[in-house]
Amino acid sequence: MTDSSELQGEVAALCCLLVALASTLPLSSQLRLWPAFERVAGPLRGRLGREELRGFERATASLSSQRVVG
């Protein structure tokens, strides 16, 4: 049986993958996607431990900073 912390780690990894994929979308799609991502990521952040949250934030901030702003 899988415990909840393992599942939360997998969800966090999937969110990071989504962020990475989103960075390849056209700018118009990115502008719509980021607010939606934040709505989904918000509840996840509240469930992560301190170290997991720091890793999640570092990964998503790094990937989101690579967005093309024009």
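This is a predicted model, so every value here is computed, not measured.

Taken together, the side chains of Leu14, Leu17 and Leu21 present a nonpolar region at the surface, about 310 Å² in accessible area. Look at Leu17 and you get partly exposed, because its relative accessible area is 46%.

Here the chain averages 77 in pLDDT, and 83% of its residues register 70 or above. Helix H2 (residues 27–47) holds the highest mean pLDDT among the elements of the chain, 84, whereas helix H1 (residues 4–22) holds the lowest, 76.

Turning next to the packing of H1 against H2. Direction vectors running N to C along H1 and H2 enclose 165°, while the axes themselves pass 11 Å from each other. Here H2 runs roughly antiparallel to H1, going by the angle between their axes. For the pair H1 and H2, the crossing hand works out as left-handed. Of the residues in H2, those in contact with Gln8, Val11, Ala12, Cys15, Leu18, Val19 and Ala22 of H1 are Gln30, Leu33, Trp34, Phe37, Leu44 and Arg47. Among the residues making up the contact of H1 with H2, the classes are represented as 10 nonpolar, two polar and one charged.

Conventions adopted
- Residues numbered from 1 in each chain as written.
- Predicted model: local features only at pLDDT ≥ 70, side-chain atom pairs only at ≥ 80, totals over all residues.
- Heavy atoms only, no water.
- Patch = residues over 30% accessible without salt bridge, like charges linked within 9 Å, V, L, I, M, F, W, Y side chains within 5 Å.
- Areas by Shrake-Rupley, 256 points an atom, 1.4 Å probe, with all protein chains shown as cover.
- Salt bridge = Lys/Arg side-chain N within 4 Å of Asp/Glu carboxyl O.
- Buried < 20%, exposed > 50% of the residue type's maximum accessible area, 1.4 Å probe, protein only.
- pLDDT = per-residue confidence, 0-100.
- Helix = DSSP H or I, 4+ residues; strand = E, 2+ residues; numbered from the N terminus.
- Axes fitted to C-alpha atoms, helices over the stretch in contact; angles between N-to-C directions.
- Parallel < 35°, antiparallel > 145°, perpendicular 65-115°, else oblique.
- Left-handed = near helix turned anticlockwise from the far one by under 90°.
- Contact = heavy atoms within 4.5 Å.
- Nonpolar A, V, L, I, M, F, W, Y, C, P; charged D, E, K, R; others polar.

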